[in-house]
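As a plain string of letters, each chain reads:
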Amino acid sequence: MYGLVNKAIQDMVCSRFGEEIWKEIKQKAEVNVEVFLSMEGYRDDITHRLVRAASVVLGLSSSEIMQAFGEFWVQYTAQEGYGEMMDMSGDTLPEFLENLDNLHARVGVSFPKLEPPSFECTEIEEDSLNLHYRSSREGLTPMILGLVKGLGTRFDTEVHVTQTQSRDEGAEHDEFLVLYKPN
Ligand code: 1DX
């Protein structure tokens, strides 16, 4: 994944727990990268090792960290150079979710090593939709819960997300029920 992802994890941990804790996490993860370059590709296992080590050091589950990271990602990318792109991708939670594949397609033009997931919305109602998440990667599903919650915050919309289908349990892809109500 692009370094932007690892840099976001670093900035989330440093802002909440400080530099020393981050050093400890990096050491435990056996990640010897001095600085992550946002626009450089890194092996996915670096990200997974960082999350696993953070889980041990912070005493939180990997799933909790991934969820917190998903929430963080929405505001982080909006303030780290991708705000205009986020602004263009919708004015409401459902609209943004529907535009996610377009957003990734746009990023992919400039960054060909992007391996974008796919998000499809079905059964769209006034206050609910089914979100289908398809990814070439494994282990990032808990992050989706956080991402959708982060979008709720972004659009001042109350949101409730539950996973209804799981690839881990043999389904073809992960699926979520998203309930929402703008304030
Ligand atoms: F609900 O399953 C809201 O590296 C959502 O594979 C979901 O393949 C917002 F310059 C620039 C760059 C860089 C911008 F190239 C990424 F570095 C992308 C910014 C998306 C904002 C996807 C990150 C692929 C890296 C799922 C979890 C990964 C999608 C991560 C969240 C808006 C983003 O993001 C999976 C990669 C961006 C960029 C957004 C993602 C890769 C998302 C969301 N994805 C790189």
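Analysis parameters
- Residues numbered from 1 in each chain as written.
- Predicted model: local features only at pLDDT ≥ 70, side-chain atom pairs only at ≥ 80, totals over all residues.
- Heavy atoms only, no water.
- Helix = DSSP H or I, 4+ residues; strand = E, 2+ residues; numbered from the N terminus.
- Rg over C-alpha atoms; globule rule 2.2 N^0.38 Å.
- Buried < 20%, exposed > 50% of the residue type's maximum accessible area, 1.4 Å probe, protein only.
- Contact = heavy atoms within 4.5 Å.
- Areas by Shrake-Rupley, 256 points an atom, 1.4 Å probe, with all protein chains shown as cover.
- Axes fitted to C-alpha atoms, helices over the stretch in contact; angles between N-to-C directions.
- Parallel < 35°, antiparallel > 145°, perpendicular 65-115°, else oblique.
- Nonpolar A, V, L, I, M, F, W, Y, C, P; charged D, E, K, R; others polar.
- Left-handed = near helix turned anticlockwise from the far one by under 90°.
- Polar contact = N/O pair within 3.5 Å; in protein donor to acceptor, adjacent residues only side chain to side chain.
- Salt bridge = Lys/Arg side-chain N within 4 Å of Asp/Glu carboxyl O.

Description of the overall build of the protein chain
When you go through the protein chain residue by residue, the secondary structure sums to seven helices and four strands. A compact globule built from 183 residues would reach a C-alpha radius of gyration of about 16 Å, and the protein chain, at 16 Å, matches this within 12%. On the principal axes, the C-alpha backbone points of the protein chain span a range of 45 × 35 × 35 Å. Put simply, the protein chain has 183 residues, and 47% of those count as buried. Once local pairs closer than 6 in sequence are excluded, the contacts in the protein chain between residues at least 24 apart make up 58%. When the accessible surface of the protein chain is split by element, carbon and sulfur atoms take 49% of a total near 9900 Å².

Brief notes about the side chain of H104
One can find H104 in helix α6 (residues 93-110). Look past the residues within four positions of H104 in its chain and what remains in contact with it is L114, P116, P117 and F119.

Observations regarding the packing of helix α1 (residues 3-17) against helix α2 (residues 19-28)
Where α1 meets α2, the axes come as close as 7 Å, and the angle between the chain directions of the two elements is 135°. With respect to their mutual orientation, α1 and α2 come out oblique. Listed contacts from α2 to I9, Q10, V13, C14 and F17 of α1 are E19, I21, W22 and I25. Here the residues of the contact of α1 with α2 are counted per class, giving seven nonpolar, one polar and one charged.

A closer look at the packing of α2 against helix α3 (residues 44-58)
Across the interface, α2 lies against α3 with an axial gap of 8 Å and an inter-helix angle of 125°. Classified by the angle their axes make, α2 and α3 are oblique. The handedness of the crossing between α2 and α3 comes out as right-handed. Contacts between α2 and α3 involve I21, W22, E24, I25, K26 and K28 from the first element and L50, A53, A54, V56, V57 and L58 from the second.

Considerations on the side chain of T77
Tracing the backbone shows T77 in helix α4 (residues 62-79). Looking at T77, its side chain comes within polar contact range of the main-chain oxygen of V74, at 3.4 Å. The contact partners of T77, leaving out residues within four places of it in the chain, are L4, Y82, G83 and M86.

Focus on the environment of S62
Mapped onto the secondary structure, S62 falls in helix α4. Exposure remark for S62: the relative accessible area of 28% places this residue in the partly exposed category. Sequence separation between S62 and L140 is 78 residues, and the spatial gap between their C-alpha atoms is 10.0 Å.

Details of the pattern of salt bridges
As enumerated under the stated definition, the model contains eight salt bridges in all. Among the salt bridges present, the one from D44 reaches R137, with a minimum N-O distance of 2.8 Å. Taken together, the residues D44 in helix α3 and R137 in the loop between β2 (128-134) and α7 (141-154) connect sequence positions 93 residues apart. Across the pair R49 and D45 runs a salt bridge whose closest N-O atoms are separated by 2.4 Å. Pair noted here: R49 and D45 are both in helix α3, with a separation of four residues, about one helical turn. Among the residues examined, R49 registers a relative accessible area of 26% and is labelled partly exposed. One network of salt bridges, with partners in common, ties together R43, D45 and R49.

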